[in-house]
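Observations on the three-dimensional arrangement
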Amino acid sequence: MVPLNANQILRQVADRIGLDAFGISPVRAPTHAPDFYQWLAQSFQGAMDWMARNPHIRADPQAYDPSARSLLVAGLSSRQTSPALPRGRIAAYAQGSDYHDVLREKLESLAQETIQKWGGKFRVCVDSSPLLEKPLAALAGVGWQGKNTLLIHRQHGPWLLLGCLLTDLQLPTDQPDSDHCGSCTRCLDACPTRAFPRPYVLDARRCLAYLTIENPGPIPEEFRPLLGDRLFGCDECLEVCPWNRHAQNSREMKLTPRPRPDLREMLTWDDQRFRSEFRGTPVFRLKRNRWLRNISVVLGNIGTAEDLAALEKASQEADPLVREHAHWAVQRIRGRTAT
Ligand code: B12
Ligand code: SF4
Ligand code: SF4
C-alpha cells in the first residue's frame with residue numbers, strides 16, 4: 001500500500017541519490033501539448049526528423065505507455081563556471097561525462113528503491129524517449145517552462161537536466177508551479193541568432209545548439225560569425241536568466257569539466273585520438289568530422305595567423321564538410337590579419 005506521503009519519502013530518496021529536483025505528475029498530456037503540432041507544422045525541428053515521428057505519442061505520455069499511472073520527474077544540475085578549454089566554449093552540460101548515463105543510473109536506483117517499498121513496474125526515460133520532458137516537469141511541480149522554453153527551477157535556474165520514470169504505481173502527485181518569468185525578456189534579447197520567434201517558442205533551425213550538435217551538414221554561412229567561440233551547444237539563454245541568482249555549480253562529480261588542449265592541437269587529431277578523448281562524453285556523438293567543422297568555424301571567428309597552418313592542413317582533408325569549413329576559416333583569418 002502506497003502511503004499518502006509517498007512523494008515526500010521519494011523526494012528524500014532522490015536527494016540522497018544525488019538528484020537535485022524531484023516531482024510527480026499524473027500521466028496526461030501537458031497543457032501546451034497542442035503547440036507541439038504547431039511547432040512541427042512550422043518545420044522548427046529542422047533535420048531532427050525523429051521529432052516528427054508519431055507526434056501523438058510524444059504529445060501524450062499515456063499514449064507512449066498505456067499502463068503508466070504516475071510520472072516521476074527528476075532534475076540534475078549541470079551548472080559549471082570553470083572553463084574546460086583555453087580557447088572556445090563547450091556547453092556546461094557537455095563538459096564532463098555523458099549526463100544520459102549519469103542520470104539513467106540515478107533513476108534506476110530510484111526505481112529500485114521504490115520497487116522495494118511498494119512494488120510496481122518502471123520505465124526509465126532520459127532525453128531520447130518520446131516525451132515532452134520540460135512541460136511534464138512543469139506539470140510535476142519541478143519548476144515552470146520559461147520564455148527560453150527551458151524548465152526553470154527556483155534554486156537551480158535553467159540548469160537542470162531532466163529524466164523521467166513512468167510507473168504503473170498510483171502515486172500522490174505534486175502541484176504545478178506558476179510562471180515566474182514576469183516581464184523579463186533577457187533570454188530572448190540575449191540569443192545571438194534571434195532563435196525565438198516569440199516567447200516560449202524556439203525555432204531550432206536557428207539555435208546554435210542545433211547548428212553545432214544536431215545539424216549533420218554544413219553550418220549555414222549566415223550563422224558562422226554568430227557562433228563566436230561556441231564549439232558545442234550554447235548557454236547564452238541560460239546564463240542571463242535572473243533565476244541563476246541562487247544556483248550553485250553541479251554537485252555531480254561526473255559532470256565536472258574535463259580539461260582539453262587548445263583547438264589547434266585538437267584539429268590535428270585522427271579519428272582514433274578523437275574517439276579515445278571523447279568516448280563517454282556528449283561530444284563523442286558528433287564524430288570527428290563535425291567536431292572539426294565546429295573547431296574550424298570557431299577558429300575562423302577567434303583564430304590568429306598561428307592557426308593557419310593547422311587549418312590549411314585540415315582544408316586538404318578527404319571529408320568535404322571539414323575541407324569546406326577549414327577553408328572558410330583560413331579566408332576569414334587572412335581577411336582579418338592580412339596574411
Ligand atoms: C529537440 C531538443 C532540442 C532542440 C530543440 C529545443 C527546443 N526548445 O525544442 C535543440 C537542439 C535546439 C536543443 C537545444 C538545447 N537543449 Co535540448 N532537447 C531537445 C529534446 C530532445 C526535445 C525537446 C522538445 O520536445 N522540443 C519540442 C518543442 C515543441 O517543445 P518545447 O520547446 O517544450 O515547446 C513547448 C512550448 O513552446 C510550449 N508553449 C507554447 N506556447 C507557450 C506559452 C506558454 C506560456 C508556455 C508555458 C508554453 C508554451 O508548447 C510547446 C509544446 O509543449 C529534449 C528532451 C526531451 N525528450 O524533452 C531536450 C532538452 C529540452 N534539452 C535540454 C538542454 C539542456 C538543451 C540546451 C540547453 C543544450 C545546450 N546548452 O546547448 C539547449 C537549449 C536551447 C533552448 N533554449 O531550448 C534539456 C533541457 C532541460 C531544462 N531545464 O529545460 C532537455 C530536457 C534534455 C534533458 N533530458 O535534460 N534541444
Ligand atoms: S541556446 Fe543559444 S542560440 Fe539557442 S536559443 Fe539559446 S541563446 Fe539562442
Ligand atoms: S531569462 Fe527571464 S524570461 Fe527568460 S526564462 Fe529566465 S526569467 Fe524567464
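For clarity, every value in this text was computed on a predicted model and none was experimentally measured.

**Description of the packing of aromatic side chains**
For the coordinates displayed, the defined rule picks out eight aromatic pairs. With 6.1 Å between their ring centres and 55 degrees between their planes, F36 and Y37 make a pair best called tilted. Relative to F278, the ring of W269 has its centre 6.2 Å away and its plane inclined at 55 degrees; by these criteria the two rings are tilted. Owing to a relative accessible area of 3%, W269 belongs among the buried residues under this scheme. One aromatic cluster in this structure is built from W269, F274, F278 and W291. Over the face of the ring belonging to Y64 we find R123, whose NZ or CZ atom lies 4.6 Å from the ring centre. Sitting over the face of the ring of W328, R224 holds its NZ or CZ atom 5.3 Å from the ring centroid.

**Side note on the nonpolar core**
The biggest cluster of nonpolar side chains holds 60 residues, and the ones touching the most others in it are L231, F232 and W291. Counting the residues that make up this core, at least three belong to each of domain 1 (6-167) and domain 2 (186-337). With residues up to four places along the chain from it excluded, the contact list for L231 reads L85, R87, G88, R89, I90, T212, L263, W291, N294, I295 and V298. Core analysis: the next-biggest nonpolar cluster, separate from the first, contains 26 residues, L72, Y99, L103 and L110 among them.

**Points about the layout of surface pockets**
Looking at the second largest pocket, its volume works out to about 300 Å³. If you go around the second largest pocket, you meet 21 residues; those closest to its centre are R89, I90, Q95, D235 and E239. Taken together, the elements giving at least two residues each to the lining of the second largest pocket come down to β3 (89-90) and α10 (236-239). Class assignment for the residues of the lining of the second largest pocket results in eight nonpolar, seven polar and six charged. Summarising the domain contributions, the lining of the second largest pocket has at least three residues from each of domain 1 (6-167) and domain 2 (186-337).

**So, the pattern of salt bridges**
Under the counting rule described, the total for this entry stands at 22 salt bridges. Taking the shortest distance from any N to any O, the salt bridge between K121 and D168 comes out at 3.8 Å. Residue K121 is located in the loop between α5 (99-118) and β4 (122-125), and its partner D168 is located in the loop between β7 (160-167) and α7 (186-190); the two are separated by 47 residues in the primary sequence. Taking relative accessible area as the criterion, K121 reaches 61% and is therefore assigned exposed. Within this structure, R87, D262, R264, E306 and D307 form a network of salt bridges that share partners.

**Structural notes on the site of ligand 1**
Surveying the vicinity of ligand 1 reveals 39 residues, the closest of which are E133, Q145, L151, L162 and Y200. Here an oxygen atom of ligand 1 and a backbone polar atom of L162 are 2.8 Å apart. Tallied by class, the residues present in the shell around ligand 1 amount to 27 nonpolar, six polar and six charged. Residue contributions to the shell around ligand 1 reach at least three from each of two domains, namely domain 1 (6-167) and domain 2 (186-337).

**Focus: the domain arrangement of the protein**
In terms of domains, the protein is made up of domain 1 (6-167) and domain 2 (186-337). Contacts between domain 1 and domain 2 engage 55 residues on the former and 59 residues on the latter. Of all residues in domain 1, R87, R89 and K147 give up the largest surface area on contact with domain 2, accounting jointly for 17% of the area buried on that side. Applying the counting rule to domain 1 against domain 2 returns seven salt bridges. Linking D307 and R87 is a salt bridge whose minimum nitrogen-to-oxygen distance equals 2.9 Å. Along the contact surface separating domain 1 from domain 2 lie 28 residue pairs in polar contact (both at pLDDT 80 or more). Put simply, the parts of the chain that give the side of domain 1 that touches domain 2 at least two residues each are β2 (70-77), β3, α5 and β5 (144-145). For the side of domain 1 that touches domain 2, the residue count by class is 23 nonpolar, 22 polar and 10 charged.

**Regarding empty space enclosed by the protein**
In the structure shown here, the tally under the stated rule is two cavities of 30 Å³ or more. For the largest cavity, the calculated volume is near 110 Å³. Looking at the largest cavity, it is lined by 14 residues, and the ones nearest its centre are C181, C184, C187, C241 and P242. The residue makeup of the lining of the largest cavity, split by class, is nine nonpolar, three polar and two charged. Both of domain 1 (6-167) and domain 2 (186-337) provide at least three residues apiece to the lining of the largest cavity. Counted as a void, the second largest cavity has a volume near 30 Å³.

**Looking at the packing of helix α12 (residues 271-278) against helix α13 (residues 287-302)**
One can describe the packing of α12 onto α13 by two numbers: an axis separation of 9 Å at closest approach and a directional angle of 85 degrees. Judged on the interaxial angle alone, α13 and α12 are roughly perpendicular. Packed against α12, whose contacting residues are D271, F274 and F278, the element α13 presents K287, R288 and W291 at the interface. Partitioning the contact of α12 with α13 into residue classes produces three nonpolar, no polar and three charged.

The rules behind the values
Residues numbered from 1 in each chain as written. Chains lettered and ligands numbered in written order. Predicted model: local features only at pLDDT ≥ 70, side-chain atom pairs only at ≥ 80, totals over all residues. Heavy atoms only, no water. Phe/Tyr/Trp six-rings, centres within 6.5 Å; stacked < 30°, edge-to-face > 60°. Buried < 20%, exposed > 50% of the residue type's maximum accessible area, 1.4 Å probe, protein only. Lys NZ or Arg CZ within 6 Å of the ring centre and 35° of its normal. Core = buried A, V, L, I, M, F, W, Y, C linked by side-chain atoms within 4.5 Å. Domains from an automatic or database assignment. Contact = heavy atoms within 4.5 Å. 1 Å grid on protein atoms, 1.4 Å probe; cavity = no way out; pocket = protein on both sides within 12 Å on 5 of 7 lines; lining within 4 Å. Points joined across faces, edges and corners; volume = space filled by probe spheres on them. Helix = DSSP H or I, 4+ residues; strand = E, 2+ residues; numbered from the N terminus. Nonpolar A, V, L, I, M, F, W, Y, C, P; charged D, E, K, R; others polar. Salt bridge = Lys/Arg side-chain N within 4 Å of Asp/Glu carboxyl O. Near = heavy atom within 4 Å. Polar contact = N/O pair within 3.5 Å; in protein donor to acceptor, adjacent residues only side chain to side chain. Buried area = accessible area lost by both parts, 1.4 Å probe. Axes fitted to C-alpha atoms, helices over the stretch in contact; angles between N-to-C directions. Parallel < 35°, antiparallel > 145°, perpendicular 65-115°, else oblique.

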